[in-house]
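So you can see what is in the structure, the chains are spelled out below.
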Amino acid sequence: MLALLGDYTLQTVALGAIILGVASGALGSFAVLRRQSLLGDALSHAALPGVALGFLIAGGRALPALLAGALATGVAAALTITLLQRRSRLKSDAAIGIALSVYFAVGVVLLSVVQRSAGAGQAGLETFLFGQAAAILRSDLGLMAGVATAALVLLVALWKEFELTSFDPVFAASLGLPVALLDAVMTAMIALAVVLGLQMVGVVLMSAMIVAPAVAARQWTNRLGLMVLLAAVFAALSGVLGALASASARGLATGPLIVLTLTVWTAISLTFAPNRGFVAAARRRRRVRHALRDRQVLALLDELAERHDDPNYASEQGLLDGYLGVKSGAALRALHEAGLVEQVRHRPEEGVHWRLTDAGREALAEPGHGVEAAHP
Amino acid sequence: MNALFASIPFTIIATGALVAVAASLLGTFLVLRRESLATDAIGHAIVAGIVLVWLATGLTSGPVQLLGAALAGVATVLLANALTRSRRMQNDAAIGLVFPAMFSLGVLLLNLFARQVHIDAHTVLLGEIGFVWLDTVNVLGVQVPDAMVWLGLVTLVNLAFVTAFFKELELGTFDAAQAAAFGFAPGLLGVALLTLTSVTAVASFDAVGVVLFVAFAIVPPAAAYLLSDRLHRVLLIASGIGIASSVLGYFVAVAWDVSIGGMMAVMTGVFLAGALAFGPRYGIVAQAVRRRGEREVGENRALAVHLCQHEADPDVGEENVLEALRGHLRWPDAKARAVVARCIDQGWVKRDGRVLTLTDRGRSAAREILRPGG
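Residues numbered from 1 in each chain as written. Chains lettered and ligands numbered in written order. Predicted model: local features only at pLDDT ≥ 70, side-chain atom pairs only at ≥ 80, totals over all residues.

Quick notes on the overall build of chain A
So, point 1. Secondary structure assignment for chain A yields 16 helices and three strands.
So, point 2. Radius of gyration (C-alpha) of chain A: 30 Å, far over the 21 Å computed for a compact globule of 376 residues.
So, point 3. In terms of overall dimensions, chain A has a C-alpha envelope of 100 × 55 × 35 Å along the principal axes.
So, point 4. Taken across its 376 residues, chain A has 48% of its residues classed as buried.
So, point 5. Across chain A, contacts joining residues at least 24 apart in sequence account for 69% of those joining residues at least 6 apart. (Helix = DSSP H or I, 4+ residues; strand = E, 2+ residues; numbered from the N terminus. Rg over C-alpha atoms; globule rule 2.2 N^0.38 Å. Buried ≥ 20, exposed ≤ 12 C-beta atoms within 10 Å, placed from the backbone. Contact = placed C-beta atoms within 7 Å.)

And the structure:
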């Protein structure tokens, strides 16, 4: 893998993947937090007619023209969604689905025009469907880096404003912030991130580059700044891995490889992240359940002792099972280890008997504490 | 019959129409249930299903392929729902996370095994409705395109489903809580809806690809929803728009020599734009006209009340003249002239020299406002 990095083409691909990842990860975080994940989906599908238009107008595969076209139709699709939501009785899901599919259909029609008029030279546009890392030229990197830097500088400059409008638009408006304008700028920037990735990931899968890094990053932190940073790093790393894998194997589209890498990492994040991860959550639930069960056993032992007017009264384990309706063995073993109960054997032929220790009585008197100590 | 099915334009148009009708029957409910984007997720996810079923069974068409691939679509939606319920992400992010992953898997498998499967990644996205007539089967002595047979069957199944469960679907769509209280199992019906959508997507896949399927499934119902409030009428109008889009799309595409499937989908968008602009009740034009009409009536009534209140005044010659409206009603001159002209046209007001007087009609309108019912 390291030897591959010396290769000129692969260096270009890796750099492109990093630029794209940083931009889409950072801006995607806002899209996801603002519940606009599927806007990225609509914007990326809607880029297709723009790419074809750019090709037809420029008369060839000139990257600036293609990207400008994609940005224009992406923004047009965003406006269409807004129009449908505000001026019709259709809800946001239908508005997004309509914009996504109809703009894409226009793109399919224009693509057939390009194919007819450009003949063999049209091959360049097919890569925009699924992405082809190898199609990126060193000369493209400058444009990509420039666009990404501009977007990130704007993001940092207006950080406070974006943070506030994303989390509490009503409060932001009450402070006099131009919420509608900030929303429009953010949408345009997300469209920009989508456009950056078209060449490498393709119009269909670009939405994953917006959503997945943000979802993965969200699992590791509750802080916006860190989330944006992590999302950028995750997206860039997945981009590099996927792009290099695709460039070193023949016939594998780059977009799917990058997206699958990203998805695997997102699944790992969802499963193993501290606090929010599924494993951590399951462990937390188990700890609470055990603490509750142990407390029940202690309380039962205490009550039985009280009823017999004998603080040292020892209850038979089978009797405890009967009262609790479940087996108490595991709980008793855990409590025994923590020194909260002790075993008493009257006669060999009788079952095991248990009674509270002084520490057990103390733990019981202290609500919510002590018992959990058995399950650190 | 043979001549009809041998006609290439007929088979192409009929295939498009079948896709549109089969998908719109279900899409109507998805749009109303705010689940439109399930079509997007399902459409992309079935690619993986199609390739996986092929790898497992070697079948590229038929009922096993149809149902097997459809499972992938259903699984994707259910997985997205489960992720939403886990509260680790919002519903939109869950959809946006799961279906690209499934689609990536599908495309990658295609890249690896493309030579053996009948589809390539390009067809997956765009469909090839122009070539549906290539594969035919013999049905009762008539050579019918493969795709039409399966699409016809799926359309019938969808129609039967919607007809048989119309009441349950209607209640489940508009009032899920009450449907549950009646024991209609809206959850189960929702899964049935998704399963059929998935099957329809698989059957439509060769003809229109995964993205255009979204257009066929939700754009005609959305347009119909802008035109009618009655559920059965929305279903009928949506089917009509779907058929009309297929016919128009075909002829426009042939005339301009562009992608047929793409143009059919564009036509659904044209119908939607038409409904949005010119719908009789919810259209933007109709709303503007209605708002304007309401404003005009309000102005007429304001003028009538003003004239009525000063009718008996000694200074009626000062109050009930055009120039006084500027001060009393704060109307600019141009507006005052327009309102007076309109009220004269409509027979509420007469001009008597400089003084404006109410007609009986105008006076009774003003009295109705000042003393309702009196």
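A short note on the sheet that holds strand β3 (residues 353-356) of chain A
Residues and elements named next belong to chain A.
So, point 1. Taken in spatial order, the three strands make up an open sheet running β1-β3-β2, and their pairing is antiparallel. The sheet is open, and its two borders are formed by β1 (315-316) and β2 (341-344), each paired with just one other strand.
So, point 2. Summarising the sheet, β1 and β3 pair through two bridges and their orientation is antiparallel. By the bridge assignment for β3, Ser315 is matched with Trp354. (Pairing = 2+ DSSP bridges.)

Quick notes on the packing of helix α7 (residues 146-164) of chain B against helix α10 (residues 186-225) of chain B
Residues and elements named next belong to chain B.
So, point 1. Two numbers describe how α7 lies on α10: the axes approach to 10 Å, and their chain directions differ by 160°. The pairing of α7 with α10 is recorded here as roughly antiparallel in orientation. In this structure, α7 crosses over α10, and the sense of that crossing is left-handed. Contacts between α7 and α10 involve Ala147, Trp150, Leu151, Val154, Val157, Asn158 and Phe161 from the former and Leu196, Val199, Thr200, Ala203, Ser204, Asp206 and Ala207 from the latter.
So, point 2. A per-class count over the contact of α7 with α10 returns ten nonpolar, three polar and one charged. (Axes fitted to C-alpha atoms, helices over the stretch in contact; angles between N-to-C directions. Parallel < 35°, antiparallel > 145°, perpendicular 65-115°, else oblique. Left-handed = near helix turned anticlockwise from the far one by under 90°. Nonpolar A, V, L, I, M, F, W, Y, C, P; charged D, E, K, R; others polar.)

Comments concerning α10(B)
So, point 1. The end-to-end C-alpha separation of α10(B) is 22 Å, well short of the 58 Å expected for 40 residues at 1.5 Å each.
So, point 2. Across the 40 residues of α10(B), 35 count as buried, placing the element largely inside the fold. (Expected span 1.5 Å × (residues − 1).)

Comments concerning the interface of chain A and chain B
So, point 1. Across the contact, 50 residues belong to chain A and 48 residues belong to chain B.
So, point 2. If you list the elements that add at least two residues to the side of chain A that touches chain B, you get α2 (37-58), α4 (92-118), α5 (123-130), α10 (206-220) and α12 (254-272) of chain A.
So, point 3. Ranked by the residues each element gives to the side of chain A that touches chain B, the list is headed by α4(A), at 16 residues.
So, point 4. Residues of the side of chain A that touches chain B, tallied by class, amount to 29 nonpolar, twelve polar and nine charged.

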